[in-house]
Every structure is written in C-alpha cells, then in structure tokens.
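A structural walkthrough
As a plain string of letters, each chain reads:
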Amino acid sequence: MNILGYTASRATIAGLLFAAILGTGTGVLYVTDKKAQTPGIVGIVWQPDNKTVGINGHWEKLGARELLVQWTVVDDQAFVAGSGLPSVPVLPDWARIAKAPWAQDVILGLAGYFSENRSRDNIEQLAAVSARIAKLPTPLHVTGWYFPAEVDPSWTRAKELPALLAKLPRPLWISVYDGANIGPVATAEWLKQWLPNDIGVFFQDGVGVYARTAPVARTYADALRERLGKDRVRIIVEAFRPNFGGGFRSATAAELKPQLAAYDGYPLYLFDGPHYVTPELVEQLAR
C-alpha cells in the first residue's frame, strides 16, 4: 500500500526504525530552542478510495475544521462529476461533506496516481488534467488546491514543477518528505532554490513509517519555516504505524500524543482521517 510516498516492507521498516533511533543522521544536528505555541490539529487528510467514499467521523472533537483531499482523480478515475474521465463506482456525497464540521474549509487535491513512480513519470499529464479538474464546480468551500505528486530531494525532475504548475490556481500546495535523508537544512535549501513563493508545502513527518522520530521531524519543519516563511509550512502527522506482517494500522493514542506535542505551534493535519483516525482513537485523544 502506498501512503504519501512510502511503501513499507518488514526489512525496510526494521532499517527505518534503527535510523529513527539514531536520529536520522544529519537531521539530529539541527536543533531549535524556540518556544512552541498553538495551533495544533486544524485538519485531517483524506486519501479517497472506494472503501472510504462515504467518509464520516467526528474529527472536529480534535479541533479539525479543514479537510485536505489528497486527490479528486487517481489512476485515471474521477471522484468528481464532469471530469470527462471514468468515475469511481460511487461518487462521494460532496454536498454532505461540505456541511461537516471537519470540512468547513477544503484544500482540494487534483490528479495523481497511487504509485509515486507512475506519478513522477507522468507529471506533465497530471498537471494538464489537474488544470482542467480545478475548474470544476463543487459545493465545497475550497480555500486552496493540492497537487498530489509528492517531492523529495532524490527526484531530479521536481525542479520542472514551477512551469508545469503555472496554470493551476492559487493558493496551491504540494507535499515534501526527505526520502534521501539529506537533513532538514539541506532539504529546506533545496526547496528554496526552485519552489515558487506562491506555493506552500505540507511536510510529511515520516514518523508513521519510522523514517524519523517526531523531535527530528520538528527540526525539518523549523528549517522549512525559516527558509520558506511561517505561512507556507504545515505538517502532515502520520497517524499510522506499520504492521510487521504487512500493511499499516492506526497509531495508538500513546504513540500519537507525543508526536503531536512535538509539533506544537504548527498547523497539523492527521493522515488520514477515515483510514486511521478511528472513532475510538478520536475519543482517546480528546480526553
């Protein structure tokens, strides 16, 4: 299963856990003494699929009022009407979703593929489809758009994105992670070199796949904020953990609470609401 750029196996999870314990190399050298302040959880992420097309929950109990929809077209199938592409078997009830307290504002994802490699190989096509999808009307209160091709410093073609995304509406967001473990300062500097000033970033913390610990992930967010500006950086909190037999499970409240505490002061989005932030987990976190 591909989750925000990651595919886990028993061997890779063991290696990532070891790296996280060590502090992921250069990342641990970057520290901050800035006092953290609110806002905490402001939204949830939804990676639409046929299983969760009837998305429902009470994530507002955690403070969520914004929904980040990862995509409205995936693998050449649309979750919205009027796209000119084949639709998924059942479309989401967007009118109902628009009334949910956790979707008062929506950052609407555009076109992508479940496979990261396929997305990167077809980036021009995805940008063109996204430009068309962004013009479709919805009942949602859309406050921004999200281009689902995730970037990391190992992707050499990422620097082509500014020209490809020029026709997409603003505010526009992408997500970033450090799959190469070059460290927080180097990652921030890499983005600063090519990312247009009118595109914001969601930083994937990597905690859910044991790529790094939450305190180290915090240093990445701080480096990105320093180079890109406060208003352009938000954090995607991975609310899942690997099952060593394969796949992923929901994080426990005991696992998630210190993860959230490490990012105090940042707008946080839980990945992802319907798959991993279960009603039971919501109640435990809300206590």
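That block above? That's the structure.
Described in the following lines is the structure provided in the data block.

Conventions we followed
Residues numbered from 1 in each chain as written. Predicted model: local features only at pLDDT ≥ 70, side-chain atom pairs only at ≥ 80, totals over all residues. Heavy atoms only, no water. Helix = DSSP H or I, 4+ residues; strand = E, 2+ residues; numbered from the N terminus. Buried < 20%, exposed > 50% of the residue type's maximum accessible area, 1.4 Å probe, protein only. Lys, Arg positive; Asp, Glu negative; His and termini not counted. Salt bridge = Lys/Arg side-chain N within 4 Å of Asp/Glu carboxyl O. Polar contact = N/O pair within 3.5 Å; in protein donor to acceptor, adjacent residues only side chain to side chain. Arc of directions from axis to C-beta. Contact = heavy atoms within 4.5 Å. Pairing = 2+ DSSP bridges. Axes fitted to C-alpha atoms, helices over the stretch in contact; angles between N-to-C directions. Core = buried A, V, L, I, M, F, W, Y, C linked by side-chain atoms within 4.5 Å. Parallel < 35°, antiparallel > 145°, perpendicular 65-115°, else oblique. Left-handed = near helix turned anticlockwise from the far one by under 90°. Phe/Tyr/Trp six-rings, centres within 6.5 Å; stacked < 30°, edge-to-face > 60°. Lys NZ or Arg CZ within 6 Å of the ring centre and 35° of its normal.

**A short note on the side chain of Arg212**
Structurally, Arg212 is set in the loop between strand 9 (199–204) and helix 7 (214–228). In this structure Arg212 is buried but unpaired, with Asp178 as the nearest side chain of opposite charge at 4.3 Å. Here the side chain of Arg212 touches Asp178 through a polar contact of 3.2 Å, landing on its backbone oxygen. Among the polar contacts listed, one links the side chain of Arg212 to the side chain of Asn181, at a separation of 3.2 Å.

**Here's the deal with helix 10 (residues 279–286)**
All of the buried residues along helix 10 are Leu281, Val282 and Leu285. Buried residues of helix 10 fall within an arc of 105 degrees about the axis and therefore sit on the same side. Along helix 10, exposed side chains directed more than 90 degrees from the buried face belong to Pro279 and Glu280. Taken together, the buried residues of helix 10 touch helix 8 (253–262) and helix 9 (273–276).

**A word on the sheet that holds strand 13 (residues 267–271)**
A barrel is described by the order of its strands in space; here eight strands give the closed sequence 1-2-5-7-8-9-10-13, paired in parallel fashion. Pairwise comparison of adjacent strand axes, ignoring direction, gives a mean angle of 30 degrees for this sheet. Relative to strand 13, strand 1 (residues 40–46) is paired through four bridges, and the arrangement is parallel. In the sheet register, Ile41 faces strand 13, and the bridge partner there is Leu268. Across the sheet, helix 8 lies against strand 1, strand 10 (233–238) and strand 13, angled at about 170 degrees from strand 10, the strand it touches most.

**As for the environment of Arg249**
Position of Arg249 among the secondary structure elements: in strand 12 (residues 248–250). Through-space distance from the C-alpha of Arg249 to that of Gly208 is 9.6 Å; in sequence the pair is 41 residues apart. If we ignore the near neighbours within four places in the chain, the residues touching Arg249 are Tyr210, Ala239, Phe240, Arg241, Pro242, Asn243, Glu255 and Tyr276. Here the side chain of Arg249 touches Glu255 through a polar contact of 2.8 Å, side chain to side chain.

**Re the nonpolar core**
Grouped together as the largest cluster of nonpolar side chains are 81 residues, with contacts concentrated most on Leu67, Trp102, Phe147, Val151 and Leu191. Considering each element in turn, this core owes the most residues, eight residues, to helix 7. The residues touching Leu67, leaving out its near neighbours within four places in the chain, are Ile44, Trp46, Ile55, Ile97, Trp102, Ala103, Asp105, Val106 and Ile107. Formed by 15 residues, the second largest nonpolar core is a distinct cluster that contains Trp173, Phe202, Ala211 and Phe240.

**Remarks on the packing of helix 8 against helix 10**
For the pair helix 8 and helix 10, the least separation of the axes is 10 Å and the interaxial angle reads 55 degrees. Judged by the inter-axis angle, helix 8 sits oblique to helix 10. Of the two possible hands of crossing, helix 8 and helix 10 adopt the one that is right-handed. In this structure, helix 8 contributes Ala253, Leu256 and Lys257 to the contact, and helix 10 contributes Leu281, Gln284 and Leu285.

**Structural notes on the packing of aromatic side chains**
Tallied over the full model, the rule gives eleven aromatic pairs. Note on Trp46 and Trp94: the rings are 5.7 Å apart at their centroids and 55 degrees apart in plane angle, and the pair reads as tilted. Here Trp94 lies in helix 2 (residues 94–98) and Trp46 lies in strand 1, a separation of 48 residues in the sequence. Exposure remark for Trp46: the relative accessible area of 0% places this residue in the buried category. On the basis of an interplanar angle of 75 degrees and a centroid distance of 4.7 Å, the ring pair of Trp71 and Phe114 is categorised as edge-to-face. Placement of Trp71 in the loop between strand 2 (66–69) and strand 3 (73–74) and of Phe114 in the loop between strand 6 (111–112) and helix 3 (116–121) is noted, with a sequence separation of 43 residues between them. Overall, Trp71 belongs to the buried group, its relative accessible area being 2%. Residue Phe114 is classed as partly exposed on the basis of its relative accessible area of 29%. A connected cluster of aromatic rings, assembled from ring pairs, spans Tyr146, Trp173, Phe202 and Tyr269. For Arg212, the ring lying beneath its charged end belongs to Tyr220, and the centroid distance is 4.5 Å. Seen from the ring of Tyr266, Arg225 lies directly overhead, with NZ or CZ sitting 3.9 Å from the centre.

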